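Topology and contacts: notes
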Amino acid sequence: MNAPTISHISCADCPIRHRAVCARCESDELEALDAIKYYRSYEAGQPIIWSGDMMNFVGSVVSGIATLTQTMEDGRTQMVGLLLPSDFVGRPGRDGAAYNVVATTDLVMCCFRKKPFEDLMANTPHIAHRLLEMTLDELDAAREWMLVLGRKTAREKIASLLTIIARRDASLTPQGAVNEMTFDLPLTREAMADYLGLTLETVSRQVSALKKDGVIRLEGKRRVTVPDMGRLFEEAGDDSDGGYMS
């Protein structure tokens, strides 16, 4: 299947506009960004960048999911993160990529030529401040994920991953968070096992257990409905009134 293609989207009509690096921009700043942006489409499984490669662009995921992985000297690969819609790819001021970035689903990115983007950052506080906010959010998420991997049970790990995906999906929809949510799971069970440090059998068993207990409903292998988000938070070992990820 061919990846979706986009030639141009007005920033005002962009589906990630309120969460992306341009979220705080005024109309003139959006025009400046528009002058240096372009779109790239990737098919599922296609690499976006390899660790150590030179990056001549930065950008935001518009649609689709990508994975961040790191390969050790003996060839073993560890998934270290997910890139969801509105997440930023690349680091201004760094020439090389720190991780392998691979499209998990068909994916569209809004890209900016790197040097012009760095120049624009220096003169546009709204962009610099928003990128700082996103970086700090990413740091908080990484610390939270350390807890998931290090201290939670297999069932709690699965529930935690589902809450992360559900909360992000809610943040990208006009109605925001609701008690019952339906979303598409972006990862195969094999990828979930890799990301969570579990075996495929354990992931399948725990997903089936959550379904049997009524915590989730499944339509096929990827469509997930959570009848009660509060219960899913409890299954994840999280505070159910802690709110949704911003």
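Sizing a probe to match a water molecule and rolling it over the atoms shows the empty space that remains. One pass over the full model with this rule turns up two cavities of 30 Å³ or more. Forming the walls of the largest cavity are C11, C14, I16, A20, V21, C22, L33, K37, Y39, S60, C110 and F112. Only strand 1 (37-42) and strand 8 (107-113) provide two or more residues apiece to the lining of the largest cavity. Residues that form the lining of the largest cavity fall into these classes: ten nonpolar, one polar and one charged.

Of the voids in this model, the largest pocket is the one considered here, and its volume is about 1,600 Å³. By residue number, the principal contributor to the lining of the largest pocket is helix 3 (residues 125-151), which donates 14 residues. Of the residues belonging to the lining of the largest pocket, the class tally is 27 nonpolar, eight polar and twelve charged. Lining of the second largest pocket is provided by 16 residues; of these, I65, I165, D169, D184 and P186 occupy positions nearest its centre. For the lining of the second largest pocket, the secondary-structure elements that each account for two or more residues are helix 4 (154-171) and strand 9 (181-184). Broken down by class, the residue content of the lining of the second largest pocket amounts to eight nonpolar, three polar and five charged.

This part takes up the pattern of salt bridges. Under the defined criterion, the tally for this structure stands at ten salt bridges. E133 is paired through a salt bridge with R130; the nearest N and O atoms lie 3.1 Å apart. Of this pair, E133 and R130 both sit in helix 3, separated by three residues, roughly a single helical turn. Across the pair D184 and R223 runs a salt bridge, and its minimum N-O distance is 3.0 Å. Highlighted residues: D184 in strand 9 and R223 in strand 11 (residues 223-226), separated in sequence by 39 residues. Shared partners join several salt bridges into a network, and the residues in it are R24, R130 and E133.

Any pair of aromatic rings gets described here by the distance separating the centres and the angle formed by the planes. Evaluation of the coordinates by the stated rule reveals two aromatic pairs. Pairing F88 with F117 gives two aromatic rings, centres 5.8 Å apart and planes at 35 degrees, and the pair type is tilted. In this pair, F88 is assigned in strand 6 (residues 88-89) and F117 in helix 2 (residues 114-123), connecting sequence segments 29 residues apart. In this pair, the class of F88 matches that of F117, namely buried. Note on F112 and F117: the rings are 5.4 Å apart at their centroids and 25 degrees apart in plane angle, and the pair reads as stacked. With respect to class, F112 is no different from F117; both count as buried. Cluster of aromatic residues (ring-pair linked, three or more members): F88, F112 and F117. Above the face of the F57 ring, R40 is positioned so that its terminal group lies 4.5 Å from the ring centre.

Let us look at the sheet that holds strand 9. One open sheet holds the three strands; their spatial order is 9-11-10, and the pairing between them is antiparallel. The outermost strands of the open sheet, each flanked by one partner alone, are strand 9 and strand 10 (217-219). Neighbouring strand axes in the sheet, compared pairwise and without regard to direction, differ in orientation by 20 degrees on average. Note: strand 9 against strand 11, four bridges, orientation antiparallel.

Quick look at the environment of D213 now. Structurally, D213 is set in the loop between helix 6 (200-212) and strand 10. Measuring from C-alpha to C-alpha, the distance between D213 and A170 comes to 24 Å, with 43 residues separating the pair along the chain. Residue contacts for D213: discarding those within four places in its chain leaves R155 and R231.

Moving on, we get to the side chain of S160. Looking at where S160 falls in the secondary structure, it is placed in helix 4. You can call S160 buried: its relative accessible area is 2%. Those residues in contact with S160, other than ones at most four positions away along the chain, are V148, K152, A236 and D238.

Moving on: the packing of helix 2 against helix 3. The interhelical angle for the contact between helix 2 and helix 3, taken along N-to-C directions, is 100 degrees, at an axis separation of 5 Å. Relative to helix 3, the element helix 2 is oriented roughly perpendicular. Here helix 2 contributes F117, L120, M121 and N123 to the contact with helix 3, which in turn contributes P125, I127, A128 and L131. For the contact of helix 2 with helix 3, the per-class residue count stands at seven nonpolar, one polar and no charged.

What counts, and where the lines are drawn
Residues numbered from 1 in each chain as written. Predicted model: local features only at pLDDT ≥ 70, side-chain atom pairs only at ≥ 80, totals over all residues. Heavy atoms only, no water. 1 Å grid on protein atoms, 1.4 Å probe; cavity = no way out; pocket = protein on both sides within 12 Å on 5 of 7 lines; lining within 4 Å. Points joined across faces, edges and corners; volume = space filled by probe spheres on them. Helix = DSSP H or I, 4+ residues; strand = E, 2+ residues; numbered from the N terminus. Nonpolar A, V, L, I, M, F, W, Y, C, P; charged D, E, K, R; others polar. Salt bridge = Lys/Arg side-chain N within 4 Å of Asp/Glu carboxyl O. Phe/Tyr/Trp six-rings, centres within 6.5 Å; stacked < 30°, edge-to-face > 60°. Buried < 20%, exposed > 50% of the residue type's maximum accessible area, 1.4 Å probe, protein only. Lys NZ or Arg CZ within 6 Å of the ring centre and 35° of its normal. Pairing = 2+ DSSP bridges. Axes fitted to C-alpha atoms, helices over the stretch in contact; angles between N-to-C directions. Contact = heavy atoms within 4.5 Å. Parallel < 35°, antiparallel > 145°, perpendicular 65-115°, else oblique.

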